[in-house]
Amino acid sequence: MASTTGSTTKDAELRELLHRNYKYIDWKWNAVFWITAAFVVGAAGDITKLLFAGDWDFWTDWKDRQWWPIITPFAIIIIGSALQYIQWLAWRFPTGMVYTAVCMWVFATFGRWVQWGAFLDYPLNFVWPMTMVSAAVVADWTLLKTKSFVLTSILGGMAFTIVWWMSNYVMIAPYLQPALWMDRVLTVADVQGIEYVRSQTPEYLRIVEHGSLRTFLGETTYVALAFGGVLSIAGYWIGQFIARALAIWPIGRFMKKW
Amino acid sequence: MRRRIVVALTLGVVLLVASAPAASAHGERAQEAFLKMRTVGWVNVEFTGGEVRQGESGADEIFIGQGEEITITGITTLLSTWPGTLGGGNPNTGFISVIAPGPVVTIEEKTVNGVSAPHRISIEKGGIYEFDMTIAGRTPGRWHVHPSFSVKGAGTLLGPGRWINVEPVDGYTNPLTLASGEVINLENYQLSFVWIYSLLTFFIGMGWMFYWTLRKRTVQNLAVTSQIPLNTDGMSVGLILKEDHRNMNWFLIVTLALTVGMFIYQAVAWPDKLPQQVIEFAPPAFEQAGAVPVAIGIQAAYDANTTTVTMEAEVTNTGNRDLVLAEFTTSTLTFANSEVEPATLEEAELVVAPGGTVGAGETVTLRLTLADPRWEGDKLIPTTESQLEIVGLLVFDDGTFAEVHAPLKLEF
């Protein structure tokens, strides 16, 4: 009884604290924070993705059924996971993954449009960036429901990979149509890769259909998705480490505990 | 004071930008001389098509319109001097293409030894590869375009290049015929579909973010969240409400409906799909027509003042007809003997003494004089490297060619 009364009292105190008005901290603080952090988050997410997934997120002829679904979800879940931890810990916002996704979308789209489209004149239907927003919604929703980073990593990580692949396969689909070209049957994406000169990316560097344990019952994609899902779980915890050990813990060393 | 700072900053930026010269190169000057000369040789590289007239360089250049095609033909060979330090000394995978500043031209057709070769080919040291590439103008401007031979483990090696001027054409398209018979424009096929779908997902994400950031406070929450366990959503204190759970369920439903719905749409709209293709094969062997001459390099020397290489080579004609030396080629340079054919488009003059003729069955020592400022400009003289050699190909009037490599004598 006492503990219930005690927790009720505590809840009331926290409720009052939640709605307290601060003289010097108003909505402008929040706006400045979200907007300026977008540049850091977008840059961090985009750089991580470029370093790990690089060409697989760039060219339509690299968005294959094997390495694209293995490498890319792993690369993009890392920063999203870090932001999930920070935003849940600090504000109980299940927004870390989605925030990362929209920031990266803006950065990647702007980069392709300006750098690759306007400056280098690559056709944008050859270099369009992937979207991780749909997968991020699933991951953030999982955190909201489970309130557990372990469950989010396992369930959310697997779901993240599958939803990510489905939502991006929609965009690659028209470029996988067959065409007769150079006396061979190639996909539209292959033709783009051959026609549009990429001087420093000779064809033998394209990592497509490499590997030995590639298929089960002839289904390369499902094996890749399963492996990619497991890799995403690992990526999720890399992100958690970045947030906990490299962001929150150092801050805690210098800030007074409440 | 503030005004002085503004003036100083403005001046600094203006000076920085105004003094920056235009940069244009393919990066081959960064490659070492041995990499360019000892690896791949180029024979009879010709750019055919378009209009040839005086260009910005003062010399003849090629002018084509957007979509207009020209062909690049020639022969490339992996030299026997291939360094043991590259690709394990055993090159096995290559890719013949063009080097250009981005997709300023498009590759329309490519054959190697008569067979269509869109992707990589299996290669070997000493292999000879006759290529025929058709390229089309795409981006208006003046571009230097080279044929290239990329070899796994070594990098991309350039052949002789030409200036190509692409002039704009109204309504330029890049048509491609699908297996279904539909003709599409590769420049923008399904681009609006991709952007609209991607934008829809972005709006869903922004909706999710606005829901949380506009309805709830951010920074101020820390005072509360720091006092509750991590694995709680703070519903008892009002951090997250049941209403929030319900609304997020709707967001998830909309997201999954869009994802699944569009996944079904693509399966119906484009039922015939293939995975990206990988084409790799060994092209049929190319044999030189005619008796192949043999060349042994005796000595080479370089005069930095006149940027001239002189080379003595002993040439044996193993055939039964007289041969005349037509060209000397190395890396990006071609020297043409005007007695056989005048130098064209970026070729330099080949002077050969005592005359370029080697009689049938004879062995003659030829002295070649190869003057071209690009020996310095393209960094082809290996003065700072560990292998002082000039390597190239002697090309004769019957189309046969022979490798020649001579030690380079330097004067100090």
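Thoughts on the overall build of chain A
And then number 1: Looking only at helices and strands, one finds 9 helices and 2 strands in chain A.
And then number 2: In chain A, the succession of α and β elements from N to C terminus is α-α-α-α-α-α-α-β-β-α-α.
And then number 3: The C-alpha extent of chain A, read off along each of the three principal axes, is 80 × 45 × 30 Å.
And then number 4: Counting all 258 residues of chain A, 53% fall into the buried class.
And then number 5: Partitioning the contacts of chain A with sequence separation of at least 6, the portion at a separation of at least 24 is 68%.

Describing the overall build of chain B
And then number 1: Scanning chain B for helices and strands turns up 6 helices and 23 strands.
And then number 2: Considered along the principal axes of its C-alpha atoms, chain B spans approximately 100 × 70 × 45 Å.
And then number 3: Looking at chain B as a whole, 38% of its 412 residues qualify as buried.
And then number 4: Contacts in chain B between residues at least 24 apart in sequence constitute 70% of all its contacts with a sequence separation of at least 6.

A few points about the sheet that holds strand E1 (residues 40–48) of chain B
And then number 1: Strand order in the open sheet formed by 5 strands is E1-E4-E9-E6-E7 (chain B), with antiparallel pairing between adjacent strands. The sheet is open, and its two borders are formed by E1 and strand E7 (115–116) of chain B, each paired with just one other strand.

Re the domain arrangement of chain B
Residue and element names in this part refer to chain B.
And then number 1: Once the domains are mapped, chain B shows domain 1 (26–180), domain 2 (191–269) and domain 3 (294–409).
And then number 2: Put simply, the middle of domain 1 and the middle of domain 3, counted by C-alpha atoms, are 23 Å apart.
And then number 3: Tallying the contact residues gives 24 residues for domain 1 and 23 residues for domain 3.
And then number 4: Listed by contribution, the elements that provide at least two residues to the side of domain 1 that touches domain 3 are helix H2 (33–37) and E1.
And then number 5: The greatest single-element share of the side of domain 1 that touches domain 3, amounting to 5 residues, is contributed by E1.
And then number 6: Class assignment for the residues of the side of domain 1 that touches domain 3 results in 10 nonpolar, 7 polar and 7 charged.

Quick notes on helix H6 (residues 133–146) of chain A
And then number 1: Its 14 residues give H6(A) an end-to-end C-alpha distance of 20 Å, which sits within 8% of 20 Å, the value for a rise of 1.5 Å per residue.
And then number 2: For H6(A), the complete set of buried residues consists of Val133(A), Ser134(A), Ala135(A), Ala136(A), Val137(A), Val138(A), Ala139(A), Asp140(A), Trp141(A), Thr142(A), Leu143(A) and Leu144(A).
And then number 3: Lining the buried residues of H6(A) we find helix H3 (67–91), helix H4 (96–119) and helix H7 (149–172) of chain A together with helix H3 (191–215) and helix H5 (242–269) of chain B.
And then number 4: Taken from the residues just after H6(A), Lys147(A) is the one with a positive phi, measuring 55°.

Details of the packing of helix H2 (residues 27–52) of chain A against H3(A)
All names here are of chain A.
And then number 1: The contact between H2 and H3 brings their axes to 8 Å, and the two run at 155°. By the angle between their axes, H2 is roughly antiparallel relative to H3. In the crossing of H2 with H3, the sense of the turn from one axis to the other is right-handed. On the side of H2, the interface is formed by Val41, Ala44, Gly45, Thr48, Lys49 and Phe52, while H3 contributes Ile71, Phe74, Ala75, Ile76, Ile78, Ile79 and Leu83.
And then number 2: When grouped by side-chain class, the residues that make up the contact of H2 with H3 number 10 nonpolar, 2 polar and 1 charged.

Here's the deal with the confidence of the model for chain A
And then number 1: Per-residue confidence for chain A gives a mean pLDDT of 91, with 95% of residues at or over 70.
And then number 2: At the low end of the mean pLDDT range in chain A sits helix H1 (residues 2–18) of chain A, at 76; at the high end sits H6(A), at 98.

Focus: the confidence of the model for chain B
And then number 1: Scored by pLDDT, chain B has a mean of 91; 96% of the residues are at 70 or more.
And then number 2: ipTM for the predicted complex: 0.93, alongside a pTM of 0.88.

Here we look at the pairing of strand E2 (residues 184–187) of chain A
Within a regular strand, side chains alternate between the sheet's two faces.
Residue and element names in this part refer to chain A.
And then number 1: Judged from the 4 bridges that link them, strand E1 (residues 178–181) and E2 form a sheet pairing that is antiparallel. Bridge pairing in E2 links Trp181 to Arg184.
And then number 2: Between E1 and E2, which pair antiparallel in sequence order, lie 2 residues; one of them, Met182, sits at a positive phi of approximately 50°.

Things to note about unusual backbone geometry
And then number 1: Cis rather than trans, the peptide bond between Ala353(B) and Pro354(B) has omega equal to 5°.
And then number 2: Here the phi dihedral of Asp121(A) falls at roughly 65°; this positive angle occurs in a residue that is not glycine.
And then number 3: In this structure, Asp121(A) sits in the loop between H4 and helix H5 (124–127).

Topic: the pairing of strand E12 (residues 162–167) of chain B
Residue and element names in this part refer to chain B.
And then number 1: Judged by which residues are buried, E12 turns out to be one-sided: Arg162, Ile164 and Val166 face inward and are buried, whereas Trp163, Asn165 and Glu167, on the alternate face, are not.
And then number 2: Inspection of the sheet shows strand E3 (residues 60–65) paired to E12 by 4 bridges, in the parallel sense. Its bridge partner lying in E12, Ile64 is registered against Val166.
And then number 3: Pairing of strand E10 (residues 141–151) with E12, which is carried by 5 bridges, proceeds in the antiparallel orientation.

Remarks on the nonpolar core
And then number 1: Judged by nonpolar contacts, the single largest core of 166 residues is most densely connected at Val98(B) and Leu394(B).
And then number 2: Looking at this core, the element that brings in the most residues is H3(A), giving 16 residues.
And then number 3: If we ignore the near neighbours within four places in the chain, the residues touching Val98(B) are Val197(A), Ile72(B), Val105(B), Ile107(B), Met133(B), Ile135(B), Val145(B), His146(B), Pro147(B) and Ser148(B).
And then number 4: Within the second largest apolar cluster, 5 residues are counted, among which are Val224(B), Val237(B), Leu239(B) and Ile240(B).

Topic: the interface of chain B and chain A
And then number 1: Taken residue by residue, the interface counts 83 residues in chain B and 79 residues in chain A.
And then number 2: Of all the elements in the fold, those that place two or more residues in the side of chain B that touches chain A are strand E5 (93–99), strand E6 (105–112), strand E13 (175–177), H3, helix H4 (222–225) and H5 of chain B.
And then number 3: Among the elements that make up the side of chain B that touches chain A, the one with the highest residue count is H3(B) (14 residues).
And then number 4: Residue classes in the side of chain B that touches chain A are distributed as 41 nonpolar, 33 polar and 9 charged.

Considering the packing of H7(A) against H5(B)
Axis angle and axis distance: for two packed helices, these are the angle between their axes and the distance between the axes, and together they describe the pair.
And then number 1: As a packed pair, H7(A) and H5(B) sit with axes 8 Å apart at the nearest point and diverge in direction by 45°. Comparing their axes, H5(B) and H7(A) come out oblique. The chirality of how H7(A) crosses H5(B) is left-handed. Residue-level contacts link Val163(A), Met166(A), Ser167(A), Tyr169(A) and Val170(A) of H7(A) to Thr259(B), Met262(B), Phe263(B) and Gln266(B) of H5(B).

Details of H5(B)
And then number 1: Spanning 28 residues, H5(B) covers 40 Å between terminal C-alpha atoms, matching the ideal 40 Å at 1.5 Å per step.
And then number 2: Within H5(B) the residues assigned to the buried category are Met248(B), Thr255(B), Thr259(B), Met262(B) and Gln266(B).
And then number 3: Each element contacted by the buried residues of H5(B) is listed here: H6 and H7 of chain A together with H3 of chain B.

Cut-offs applied
Residues numbered from 1 in each chain as written. Chains lettered and ligands numbered in written order. Predicted model: local features only at pLDDT ≥ 70, side-chain atom pairs only at ≥ 80, totals over all residues. Helix = DSSP H or I, 4+ residues; strand = E, 2+ residues; numbered from the N terminus. Buried ≥ 20, exposed ≤ 12 C-beta atoms within 10 Å, placed from the backbone. Contact = placed C-beta atoms within 7 Å. Pairing = 2+ DSSP bridges. Domains from an automatic or database assignment. Nonpolar A, V, L, I, M, F, W, Y, C, P; charged D, E, K, R; others polar. Expected span 1.5 Å × (residues − 1). Axes fitted to C-alpha atoms, helices over the stretch in contact; angles between N-to-C directions. Parallel < 35°, antiparallel > 145°, perpendicular 65-115°, else oblique. Left-handed = near helix turned anticlockwise from the far one by under 90°. pLDDT = per-residue confidence, 0-100. Core = buried A, V, L, I, M, F, W, Y, C linked by C-beta atoms within 7 Å.

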